[in-house]
Amino acid sequence: MSTIRKNRQSPGKTARGFSWALAAVLSLLLTFALAGAAVLYLIQSQGVHERVAGNEELIRQETEWARDKIRDLAEEYGFEADRTLAVLDGEMLARRNLAGLTWIRDTMNTGKPKQGPKVDNGEIEEMLSGLLRFPNLKDQDQINQAYGDATAGIIRIVGNATFFIRSDLTDLGLEKIRNYADIRSFLNLVNRLPVILAILAAVIAGLMLLLIAGTPKEALKYVGCSLGGAGIQTGICAVLVAMLDLPGAAAAANGRLATMIRLLQQELLLPVILTVVLLLAAYGVCLTFYSRRNRRQPAEESAAEGIPSEGVPSEGRAEK
């Protein structure tokens, strides 16, 4: 009877094979879902945007870059550069950084690239009205012309300093793509991809339960291994991304972009570590319960059939 009961409860080799295959697929789906969720977290999180936008190092680099460009502009138009550098206010730069990140989020959500972030250029014009001076120019028409050109140039410099990942070329490219492809549907798919992958993972977990329906607790082994595999793969992916050194690769072309990438990676560091720890902890819990069940089952079967456990005398031996 023990053999018959055991055969009824234990899944066959085919079922176990399919279960291991499904566990591997489940592990990959969970890893991809987590990667997609991490990207969406960076794109959608207002808190992340505010912390990155107001980062002191990023603002310092933007200020230094804009200062050099304004000095070059001053040589071209003949205004006093030192007076106008006061326009590079840290709070104003942070607001513009935030507007740029919001532009990326809105583009992802709507699929409609706009001409630029929502910024108030009037505040720069108002500040420059009391700062721009042209000591070498006497003719009022020339002064007015130089004033307008210099103001437009400084506004453009500040815009490029704080929204350096966008240009007229990228706007043109996005508009062209919209004419030939349904960007909105594609971006909607990207936004929903983590949820879709999570649903697929749940379906696969259900298939594993069906394959071993005779012993549902056997699913703890396969689900646990899937969670543990996802945790290990997520950790490996994080290490590989760090080894790629994306900030270093971007630094040669744009130091401000390199700083922003590094800040975004830092924002993901703690969530990734916590996710890996939770997945590995879930793996440990599942395997612990599965091991306890396997240790308890032989003892229960022996007691049901009157077979003494090791080290415990049976009734026949006691009578002797």
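Heads up: the structure comes first, above all this text.
Calculation notes
- Residues numbered from 1 in each chain as written.
- Predicted model: local features only at pLDDT ≥ 70, side-chain atom pairs only at ≥ 80, totals over all residues.
- Heavy atoms only, no water.
- Helix = DSSP H or I, 4+ residues; strand = E, 2+ residues; numbered from the N terminus.
- Phe/Tyr/Trp six-rings, centres within 6.5 Å; stacked < 30°, edge-to-face > 60°.
- Buried < 20%, exposed > 50% of the residue type's maximum accessible area, 1.4 Å probe, protein only.
- Lys NZ or Arg CZ within 6 Å of the ring centre and 35° of its normal.

It is worth spelling out the environment of Val25 at this point. The topology assignment puts Val25 in helix α2 (residues 13-44). Distance from Val25 to Ala201, taken between C-alpha atoms, is 8.2 Å for residues 176 residues apart in sequence.

With that out of the way, let us pick up the packing of aromatic side chains. With the rule as written, the count across this model stands at three aromatic pairs. Note on Trp20 and Tyr222: the rings are 4.8 Å apart at their centroids and 70° apart in plane angle, and the pair reads as edge-to-face. Highlighted residues: Trp20 in helix α2 and Tyr222 in helix α11 (residues 219-244), separated in sequence by 202 residues. Of the residues examined, Tyr222 reaches a relative accessible area of 0% and is grouped as buried. On the numbers, 6.0 Å between centres and 80° between planes, the contact of Phe79 with Phe134 is edge-to-face. Highlighted residues: Phe79 in the loop between α4 (56-77) and α5 (81-84) and Phe134 in the loop between α7 (122-128) and α8 (140-162), separated in sequence by 55 residues. Comparing Phe79 with Phe134, the two get one shared label, buried. Above the face of the Trp65 ring, Arg256 is positioned so that its terminal group lies 4.2 Å from the ring centre.

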